[in-house]
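# Observations on the model geometry
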Amino acid sequence: MTSEWWRTAAIYQIYPRSFADANGDGMGDLAGISSRLPALAELGIDAIWLSPFQTSPQRDGGYDVADYCDVDPLFGTLADFDAMLAEAHERGIRVIIDLVPNHSSSDHPWFQAALAAPKGSAERGRYLFRDGTGENGELPPNNWESVFGGRAWTRVTEPDGTPGQWYLHLFDSSQPDFDWSNEEVREEFRRILRFWLDRGVDGFRVDVAHGLVKADGLPDYTPPAEGGSMGGAAGLEGLLEGALDELPSAPYWAQDGVHEIYRDWRSLLNEYEGDRILAAEAWVDPLPRTALWVRPDEMHQAFNFAYLETPWKADALRKVIDDSLATFASVGAPSTWVLSNHDVVRHASRLALTAENPQGHGIGPKSKGLPIAELGLRRARAATALMLALPGSAYIYQGEELGLPEVIGLPDDARQDPTWFRTNGERYGRDGCRVPLPWEGDAPSYGFGPSDASWLPQPTEWATLARDRQSGVEGSTLELYKSALALRKQHALGAGTLEWLDAEALGVDGSNAADVVAFRNGAVTVIGNTGSEPVALPESLGATVLLASGPLGSADGARLLPADTTVWLSA
Ligand code: NOJ
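Residues numbered from 1 in each chain as written. Predicted model: local features only at pLDDT ≥ 70, side-chain atom pairs only at ≥ 80, totals over all residues. Heavy atoms only, no water.

The next subject is the overall build of the chain. Each helix and strand counted, the chain has 15 helices and 21 strands in total. Across its three principal axes, the chain shows a C-alpha extent of roughly 85 × 55 × 50 Å. Within the span of the chain, comprising 571 residues, buried residues form 61% of the whole. Of the contacts formed within the chain by residues at least 6 apart in sequence, a portion of 69% connects residues at least 24 apart. (Helix = DSSP H or I, 4+ residues; strand = E, 2+ residues; numbered from the N terminus. Buried < 20%, exposed > 50% of the residue type's maximum accessible area, 1.4 Å probe, protein only. Contact = heavy atoms within 4.5 Å.)

Structure representation (structure tokens):
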């Protein structure tokens, strides 16, 4: 079982626009990724996942694809991709790419053909075109709202110049949704999967994997409360597990019909050698519903967003870890773990927010409850140290290994996320977690590229966070990640088993025990202190400190685990 690499892998997410820029145009590219593979090998990850680099007008950072089988000139060429892939493989790093099947770009030739074709045509049948309501079709077909704000429908002008039908876009108006009941769409995606599998990719992260199929008749729907940004059945918290069929779900998320698509893809992947995988981006809850995506004949992994959304609180962490391990194991899948990605406020900031911040809204200068940077970083380091000790597969988002915070002060005119525009600046959106990486403290664009250019401005404080300033520096966040990943591998923690330890029984002072998360994974004992007071580490707990997310203290001869710190001890 555990010989399947994806069950235990540490997977590093690359957001190509912001990772490394080889040609100095201010935009990351594939050659930049190739040039930085040695740094990733040194970090100790097993695989990389690349957010989209395919041909796209970039209205949603590439999640608006105009040609699924080519590379956007911004990022290079197919030859650059092949070179990057070969080099990654040579270094023993697997490569997963993003697949965006819910929608294409409005620049996609199919959508352009649909606009030029009449109502009822085969061309329109690949997307979700509908007549409007109201006397003259001037109102949208239903009340659905876009995840990015505003309505989920846009009216087209027919080729003869008259106001015409409407098309559905759950995201930006430049991202029309495909009609997955159309066999032509299904066949096209089989072709796309094969195109990349034949090139040698190790798998796909499937975008909006919960959204492809819409309920028959596209019925009106009003979400129960402020939902997450990427969708999901908001408001389900607290409903009984085991009664999934009765849980309400939006008519555009988590429809049963999606599973048949993934069974089809799984059998296609099974034709290929070498453990190729599908990883679901499915923002659904509760966890047992997410597990439907990773039944044995569907996908291999699903992102554990329940874990990402868990606050830095011991009881909540214990519960989500327990639920995750049990739920995914019930279908024979590994649990995954993730704290940051290109859609959420970076965890070095998020874990110290003091006000509600719905997913996707982002933070900016006028947000409430802005984080104290030092506290956020301390918690992020502790949270990562906890995560990397858990059995299963862990995702790391580029830059978290440098302790990068969310960039809060981006100037309004630099922002590019469609969320910002579609909500008239009410939601800041996701640019703050997408700022290009600092590699060298003294170089232009901090070594992101050979010039000063950077598609989003980098804060001046990032000089001190640059990789070269942290490399080899004891106690730096980079060295913490390297050590954690090396120990994780050495002790096979990804393939391990978690055994909870009772903090009070271990001798942690009763009043603090509730703040402590303590478990053993094989030979490693892990203790995280989510409280605000230091706790004494009992002598019985093992002599050697393998890893500590921050300096430990001491009092009366006892070792102290300070607030917001995680330690790994030899058992
Ligand atoms: C989820 C992606 O992660 C996000 O960045 C994108 O905007 C939406 N899906 C739409 O493709």
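Let us keep going from here.
What is expected of a backbone is that most residues other than glycine have negative phi and most peptide bonds are trans. With an omega dihedral of -5°, the bond running from Asp285 to Pro286 counts as a cis peptide bond. Within the chain, Val208 stands out as a residue other than glycine whose phi angle is a positive 45°. As for its position among the elements, Val208 is in the loop between β9 (203-206) and α6 (258-270). Among the residues examined, Val208 registers a relative accessible area of 2% and is labelled buried. Despite not being glycine, Ser445 shows a phi value in the positive range, around 50°. The class for Ser445 is buried, based on a relative accessible area of 6%.

Here we take up helix α14 (residues 477-490). Between its first and last C-alpha, α14 extends 20 Å over 14 residues, near the 20 Å set by a 1.5 Å rise per residue. In terms of burial, α14 is a largely internal element, 10 of the 14 residues being buried. Of the positions making up α14, those classed as buried are Thr477, Leu478, Glu479, Leu480, Tyr481, Lys482, Ala484, Leu485, Leu487 and Arg488. Looking one or two places after α14, you find Ala492, whose phi comes out positive at around 50°. (Expected span 1.5 Å × (residues − 1).)

This part is about the packing of helix α5 (residues 183-199) against α6. The relative placement of two packed helices comes down to the angle between their axes together with the axis-to-axis distance. The contact between α5 and α6 brings their axes to 11 Å, and the two run at 35°. You can see that α5 and α6 cross each other, and the crossing is right-handed. Mapping the contact onto sequence places Arg186, Phe189, Arg190, Leu193, Arg194 and Leu197 in α5 and Glu260, Ile261, Asp264, Trp265, Leu268 and Leu269 in α6. When the residues that make up the contact of α5 with α6 are grouped by side-chain class, the tally is seven nonpolar, no polar and five charged. (Axes fitted to C-alpha atoms, helices over the stretch in contact; angles between N-to-C directions. Left-handed = near helix turned anticlockwise from the far one by under 90°. Nonpolar A, V, L, I, M, F, W, Y, C, P; charged D, E, K, R; others polar.)

What follows covers the side chain of Ser106. Within the secondary structure layout, Ser106 lies in the loop between β5 (94-99) and α4 (109-116). For Ser106, a relative accessible area of 12% puts it in the buried group. Among residues more than four places away in sequence, those in contact with Ser106 are Arg59, Phe111, Gln112, Ser173, Ser174 and Pro176.

Moving on to the sheet that holds strand β13 (residues 393-397). Strand order in the open sheet formed by eight strands is β11-β10-β9-β5-β2-β1-β13-β12, and the pairing between neighbours is parallel. The open sheet has two free edges, formed respectively by β11 (301-302) and β12 (336-338), since each of these has just one partner strand. Summarising the sheet, β5 and β9 pair through four bridges and their orientation is parallel. The residue of β9 that forms the bridge with Ile97 is Phe204. (Pairing = 2+ DSSP bridges.)

What follows is about the pattern of salt bridges. If the charged atoms of two oppositely charged side chains come close together, the side chains can form a pair. The full count for this structure, using the stated rule, is 34 salt bridges. Across the pair Lys214 and Asp177 runs a salt bridge whose closest N-O atoms are separated by 2.7 Å. Of the two residues, Lys214 sits in the loop between β9 and α6 while Asp177 sits in the loop between β8 (163-168) and α5, which places them 37 residues apart along the sequence. A relative accessible area of 11% means that Lys214 is categorised as buried. (Salt bridge = Lys/Arg side-chain N within 4 Å of Asp/Glu carboxyl O.)

Neighbouring residues of the ligand: 14 residues in total, closest Asp60, Asp207, His342, Asp343 and Arg430. Arg205 is positioned such that a nitrogen or oxygen atom in its side chain is 2.9 Å from an oxygen atom of the ligand. Arg430 places a side-chain nitrogen or oxygen 2.9 Å from an oxygen atom of the ligand. For the ligand, whose free accessible area comes to 290 Å², the fraction covered by protein is 100%. Tallied by class, the residues present in the shell around the ligand amount to five nonpolar, two polar and seven charged. (Near = heavy atom within 4 Å. Polar contact = N/O pair within 3.5 Å; in protein donor to acceptor, adjacent residues only side chain to side chain. Areas by Shrake-Rupley, 256 points an atom, 1.4 Å probe, with all protein chains shown as cover.)

Ile48, Phe81, Phe204 and Trp568 are the most contacted members of the largest nonpolar core, which totals 155 residues. Non-local contacts of Phe81, meaning those with residues more than four positions away in its chain, are made with Leu30, Leu50, Phe53, Val71, Ile97, Trp196, Arg199 and Val201. Core analysis: the second largest hydrophobic core is formed by 14 residues, Val535, Leu541, Val567 and Leu569 among them. (Core = buried A, V, L, I, M, F, W, Y, C linked by side-chain atoms within 4.5 Å.)

Glancing now at the domain arrangement of the chain. By the assigned domains, the chain splits into domain 1 (5-102 + 182-477), domain 2 (109-168) and domain 3 (498-570). For domain 1 and domain 2, the distance between their C-alpha centroids amounts to 30 Å. With 24 residues of domain 1 at the contact, the number on the domain 2 side is 17 residues. Roughly 1600 Å² is buried in total at the junction of domain 1 and domain 2, and carbon and sulfur atoms are behind 57% of that figure. Looking at the side of domain 1 facing domain 2, the largest losses of area belong to Glu184, Leu218 and Arg422, adding up to 34% of the total buried there. Summed over the shared surface of domain 1 and domain 2, the result is 10 residue pairs in polar contact (both at pLDDT 80 or more). Listing elements by their share of the side of domain 1 that touches domain 2, those giving two or more residues are α5 and α12 (418-422). Residue composition of the side of domain 1 that touches domain 2, by class: 10 nonpolar, six polar and eight charged. (Domains from an automatic or database assignment. Buried area = accessible area lost by both parts, 1.4 Å probe.)

When the terminal C-alpha atoms of α5 are compared, their 25 Å separation across 17 residues agrees well with the 24 Å that a helix rising 1.5 Å per residue should span. Every buried residue of α5 is accounted for by Val185, Arg186, Glu188, Phe189, Arg190, Ile192, Leu193, Trp196 and Leu197. Structurally, the start of α5 carries an N-cap: the backbone nitrogen of Glu184 is 2.8 Å from a side-chain oxygen of Asn182. Positive backbone phi, at 110°, marks Gly200, one or two positions downstream of α5.

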